[in-house]
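Below are the chains, spelled out letter by letter.
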Amino acid sequence: MFIRPLKNFDRVLVAAADKSITHRAVMFNAFARGEAVVENALLGGDCRSTIACMRALGATIDVDGSTVRIKGAPGFCDAVLDAGNSGTTTRLLTGLLAGMNVTASIDGDESLRTRPMKRVTDPLSLMGADVTTTGGKVPILIRPASLKGIDYVLPVASAQVKSALILAGLHADGVTRVTEPIKSRDHTELMLRAMGARIETDGLTVSVKRSELKSADVRVPGDVSSAAFLLGAAAVVKGGRVTVKRVGLNGTRTGILTVLREMGAKIEIDNFGDEIEPYGDVTLSHTDLKPFTIEKEIVPSLIDELPLLAALACYADGVSVIKGAEELRVKESDRITTTVEALKNLGGDVEPTPDGMIIRGKGGLEGGGTVRAYGDHRIAMTAAIAALGSEKGCEIEGAETAAISYPGFWEIIC
Ligand code: S3P
């Protein structure tokens, strides 16, 4: 895939639907009582993996365009599950299945087989779960067990781990309490509450009791993590301006907008709404960008946008620093290494650190190199945005991986 620099980017667009919310809407309705319609679902690779897993467990799921109709199966059957590339599917399902009286295995692709799973299975074992990993990774085997609630303090802020324990808590005796060091995305809590679960949030602690869920219709907002690439395109192309409609604006996800504003980007938000999750239309108009420093407190609210922010930092004048982001090393690729390599190939001055990056911005990128995506959707899209504002563009190897979270991305950008 060759990315040609753009002379102008002036568009009104609808971003791809939210990946995290689609996973949850499909997964939770698949074991709830009743029938539900999920509108504007994301049908990228990861969410298709969730749909396939929930069908294998016994739920009836029909997909028609971006509308997904789900008839829940409150009791699941035994199954052999393939989570593909999806860490969210794997971790949430491990927690969900731990107390559901089934025998199930979860495996996935080469990238998923490198990702840490003990962060989920260790606390689940403390709850009494019978879950075994393969050297801390998938394949994971889950067998029937009775669960009891625990008080657990997460060593890292992770919505996937938090969600796994909350889902296990729905099938456990007593109260399951999960406390995070920094608040991560709370889509699980919001959706479970809307489905009638006994769940409460108090600061950084979520408490959940055994609950039966009622189906709930969901209209999925746009994914702020996908919208970020479109905003990024307007930020790097001189004179650029983009409006992205109906973007999810959950405050646990909008760190990207905070940092873009710190960088001097002109951002306006209107047409606010709230249906389980808040949303609105976001407009960004091109301005000269300033460097930023990202501290660990804000990292969970923009974890998936850090490669893109590193690319935008190359367009600022001065030194930007990303700290407290060691979690990037265990994403679909080691995103510190792959981001640094990608931006260097485009002429950027970027240095890795154990927990982040130092980016010496020179007000733009020369481009001209070849970037490998390493099977990581966000690296492929980051390279594309970095190249759009550059002098020479770039070649991307493995660009098709963008379809994991953003089918249709290349049609917008090229
Ligand atoms: C996600 C949580 C984040 C994020 C991932 C999706 C979720 O992962 O990086 O893309 O839907 O819960 P962690 O929970 O591991 O930080």
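This one's a predicted model, so the numbers in the text were calculated from it and none came from an experiment.

Focus: the overall build of the protein
The secondary structure content of the protein amounts to 12 helices and 25 strands. Its C-alpha atoms give the protein a radius of gyration of 21 Å, within 12% of the compact-globule value 22 Å for 414 residues. A principal-axis box enclosing the C-alpha atoms of the protein has dimensions of 60 × 40 × 40 Å. Counting only contacts in the protein whose residues sit at least 6 apart along the sequence, the fraction spanning at least 24 positions is 74%. Of the roughly 14,900 Å² that the protein leaves accessible, carbon and sulfur atoms contribute 49%. Here the protein carries 47 positive and 52 negative side-chain charges, and the mean point of each set is 1 Å from the other.

Some remarks on the side chain of glutamate 277
By the secondary structure assignment, glutamate 277 is in strand E19 (residues 277-285). Arginine 253 provides the closest opposite charge to the buried, unpaired glutamate 277, separated from it by 7.0 Å. A polar side-chain atom of glutamate 277 sits 2.7 Å from a polar atom in the side chain of histidine 187.

Comments concerning the packing of aromatic side chains
Under the defined criterion, the tally for this structure stands at four aromatic pairs. Ring geometry for phenylalanine 409 and tryptophan 410: centres 4.9 Å apart, planes at 80 degrees, overall edge-to-face. With a relative accessible area of 0%, phenylalanine 409 lands in the buried category. By relative accessible area, tryptophan 410 is classed as buried at 12%. Put simply, the rings of Phe229, Tyr406, Phe409 and Trp410 pair up and form one aromatic cluster.

Focus on the domain arrangement of the protein
Annotation of the protein at the domain level lists domain 1 (2-16 + 221-413) and domain 2 (19-207). Between the C-alpha centres of domain 1 and domain 2 there is a distance of 28 Å. Roughly 2,100 Å² of surface becomes buried between domain 1 and domain 2 when both sides are summed, with 54% attributable to carbon and sulfur atoms. Our count for the domain 1 to domain 2 interface comes out at three salt bridges. Glutamate 327 is the partner of arginine 119 in a salt bridge, and the nearest nitrogen-oxygen pair spans 2.8 Å. Taken together, domain 1 and domain 2 are joined by 11 residue pairs in polar contact (both at pLDDT 80 or more). Looking at the side of domain 1 that touches domain 2, its residues break down into nine nonpolar, five polar and 10 charged.

A closer look at the sheet that holds strand E23 (residues 356-362)
Strand order in the open sheet made by the four strands is E20-E21-E23-E22, with mixed pairing throughout. Both outer strands of the open sheet, strand E20 (293-294) and strand E22 (349-353), are each paired with one neighbouring strand and no more. Pairing of E20 with strand E21 (residues 317-322) involves two bridges; the strand directions are parallel. Among the inter-strand pairings, isoleucine 294 is bridged to a residue of E21, identified as isoleucine 322. Helix H10 (residues 335-345) contacts E22 and E23 of the sheet and is inclined by roughly 165 degrees relative to E22.

Comments concerning the site of the ligand
Lining the immediate environment of the ligand, one finds Ser20, Arg24, Thr88, Arg91, Ser158, Ala159, Gln160, Arg185, Ile303, Asp304 and Lys331. Between the ligand and the protein, one listed contact pairs an oxygen atom with a side-chain N or O atom of arginine 24 at 2.7 Å. One nitrogen or oxygen atom from the side chain of serine 158 is found 2.8 Å from an oxygen atom belonging to the ligand. Summarising the interface, the protein chains cover 94% of the accessible area of the ligand, which totals 390 Å² for the free molecule. Going through the elements one at a time, helix H1 (19-30), helix H3 (87-98) and helix H5 (159-169) are the ones with two or more residues in the shell around the ligand. The residue makeup of the shell around the ligand, split by class, is two nonpolar, four polar and five charged.

So, the nonpolar core
Of all hydrophobic cores here, the largest spans 146 residues; its most connected members are Met54, Phe76, Leu93, Leu306, Leu309 and Phe409. Sorting elements by how many residues they give to this core places helix H7 (residues 224-236) first, with 10 residues. For this core, the two domains that each supply at least three residues are domain 1 (2-16 + 221-413) and domain 2 (19-207). If sequence neighbours within four positions are ignored, leucine 306 has contacts with Ile294, Val299, Ile322, Ala325 and Leu328.

The rules behind these values
Residues numbered from 1 in each chain as written. Predicted model: local features only at pLDDT ≥ 70, side-chain atom pairs only at ≥ 80, totals over all residues. Heavy atoms only, no water. Helix = DSSP H or I, 4+ residues; strand = E, 2+ residues; numbered from the N terminus. Rg over C-alpha atoms; globule rule 2.2 N^0.38 Å. Contact = heavy atoms within 4.5 Å. Areas by Shrake-Rupley, 256 points an atom, 1.4 Å probe, with all protein chains shown as cover. Lys, Arg positive; Asp, Glu negative; His and termini not counted. Charge placed at Lys NZ, Arg CZ, Asp CG, Glu CD. Buried < 20%, exposed > 50% of the residue type's maximum accessible area, 1.4 Å probe, protein only. Salt bridge = Lys/Arg side-chain N within 4 Å of Asp/Glu carboxyl O. Polar contact = N/O pair within 3.5 Å; in protein donor to acceptor, adjacent residues only side chain to side chain. Phe/Tyr/Trp six-rings, centres within 6.5 Å; stacked < 30°, edge-to-face > 60°. Domains from an automatic or database assignment. Buried area = accessible area lost by both parts, 1.4 Å probe. Nonpolar A, V, L, I, M, F, W, Y, C, P; charged D, E, K, R; others polar. Pairing = 2+ DSSP bridges. Axes fitted to C-alpha atoms, helices over the stretch in contact; angles between N-to-C directions. Near = heavy atom within 4 Å. Core = buried A, V, L, I, M, F, W, Y, C linked by side-chain atoms within 4.5 Å.

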